[in-house]
Amino acid sequence: MVPVNESEEEIEKARQDTYSTSSFGYAFSNVWWSDPMFFGRFSDIDQANFGDKLPQFTEEEWKLVSQPLDFYGFNVYQAGGNPMPADPYTYDRYAYQGSPRTSMDWNITPDVLYWGCRFFYERYKKPILITENGMAAYDVVSLDGKVHDPYRKDFMHRYLLALVRAVEEGYPVIGYQYWSVMDNYEWSNGYDKRFGLVYVDYQTQQRIIKDSAYWYRRVIETNGEILSLNPENKAE
């Protein structure tokens, strides 16, 4: 979750929302999966929500569940409301009519990359690896034969600036992986949603490198030095 503002009260509220689970949508909670692996138990909130419905493990079984791990890796795309609404089209504090969203209807909330790193490091005390981050968009091949996707460049720039903030504040981020290299099969939407840095014409199998890929190459070549709040400092 992302705090409404950076007052201590709102930060703590966002922290607790990030760590909480609800009886609906609990499987989408990081804590639901992570607490058993790192702490060898279900979270207090899980126990309060589900009681004796939770699986019962012996002490030896918990030791198998919670083997030592070297880092905390997580996929991060958007901030969302908690508890998760039963209706996926219900508005929350991040989504409203006309709010910025991807073609997946996911909120565009760049600061989630900073707060995710911060909150999960505070909880699990492990180096952070961003295993997925990116956006799906309605990409098209223009008359010049290229794929111009300034919206994806802007998306990545905003999110990476949030990641830079986490690094500069001392949170141990060991890696970032954009999803994905090329357009591919999305598990619940087939080939309809395009996340890639490389466009794939599914009829001919032609690959076209998108503008965002060239931009991201410059980010990598400079080790992120071209990421700047100064709009004149662009990665063309």
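Not measured: the values here are computed from a predicted model.

The next thing to look at is the pairing of strand S3 (residues 173–178). If a strand is regular, its side chains alternate between the two faces of the sheet. Examined bridge by bridge, strand S2 (residues 128–133) and S3 share 4 bridges and lie parallel to one another. Counterpart to Asn133 in the pairing with S3 is Tyr178. Each parallel crossover has a hand, and for S2 linked through helix H6 (residues 150–168) to S3 it is right-handed.

All right, on to the nonpolar core then. Side chains that are nonpolar tend, in soluble globular proteins, to be buried together. Core analysis: the largest hydrophobic core is formed by 41 residues, its most contacted members being Leu113, Ile130, Leu160, Tyr176 and Tyr216. When residues of this core are traced back to their parent elements, those giving at least two are helix H1 (8–19), helix H2 (30–39), strand S1 (72–75), helix H5 (112–124), S2, H6, S3 and helix H7 (211–221). Ranked by the residues each element gives to this core, the list is headed by H5, at 8 residues. Counting 5 residues, the second largest nonpolar core, distinct from the first, contains Phe42, Phe50, Leu54 and Trp62.

In this section: the environment of Ile11. Among the structural elements, Ile11 can be located in helix H1. A residue is classified by how much of its surface remains accessible, and Ile11, at 4% relative accessible area, is buried. With 104 residues separating them in the primary sequence, Ile11 and Trp115 have C-alpha atoms 9.3 Å apart. The contacts of Ile11, once residues within four sequence positions are left out, are Pro3, Asn5, Glu6, Trp115, Arg118 and Phe119.

All right, on to the pairing of S1 then. Burial of S1 is one-sided: the residues Tyr72 and Phe74 facing one way are buried, the residues Gly73 and Asn75 facing the other way are not. Sheet analysis places S1 next to S2, joined by 4 bridges and oriented parallel. Within S2, the position partnered with Tyr72 by the bridge is Ile128.

Think of two packed helices as two axes; the pair is described by the angle between the axes and how far apart they sit. It is at 9 Å that the axes of H6 and H7 come closest, and there the two elements cross at 30°. In this view, H6 runs roughly parallel relative to H7, as classed from their interaxial angle. On H7, the residues that touch Arg152, Lys153, Met156, His157 and Leu160 of H6 are Asp211, Ser212, Trp215, Tyr216 and Val219. Residues of the contact of H6 with H7, tallied by class, amount to 5 nonpolar, 2 polar and 3 charged.

To continue, consider the sheet that holds S2. Pairing between the strands of a sheet is mediated by backbone hydrogen bonds and can be parallel or antiparallel. Overall, parallel pairing links the 3 strands, which are arranged S1-S2-S3 in an open sheet. Looking at strand neighbours, the two that pair on one side only are S1 and S3, the edges of this open sheet. Averaged over all pairs of adjacent strands, the angle between strand axes in this sheet comes to 15°, irrespective of strand direction. Running at roughly 170° to S3, H6 makes contact with S2 and S3 of the sheet.

Cut-offs applied
Residues numbered from 1 in each chain as written. Predicted model: local features only at pLDDT ≥ 70, side-chain atom pairs only at ≥ 80, totals over all residues. Heavy atoms only, no water. Pairing = 2+ DSSP bridges. Helix = DSSP H or I, 4+ residues; strand = E, 2+ residues; numbered from the N terminus. Right-handed = clockwise from strand over helix to strand, strands pointing away. Core = buried A, V, L, I, M, F, W, Y, C linked by side-chain atoms within 4.5 Å. Buried < 20%, exposed > 50% of the residue type's maximum accessible area, 1.4 Å probe, protein only. Contact = heavy atoms within 4.5 Å. Axes fitted to C-alpha atoms, helices over the stretch in contact; angles between N-to-C directions. Parallel < 35°, antiparallel > 145°, perpendicular 65-115°, else oblique. Nonpolar A, V, L, I, M, F, W, Y, C, P; charged D, E, K, R; others polar.

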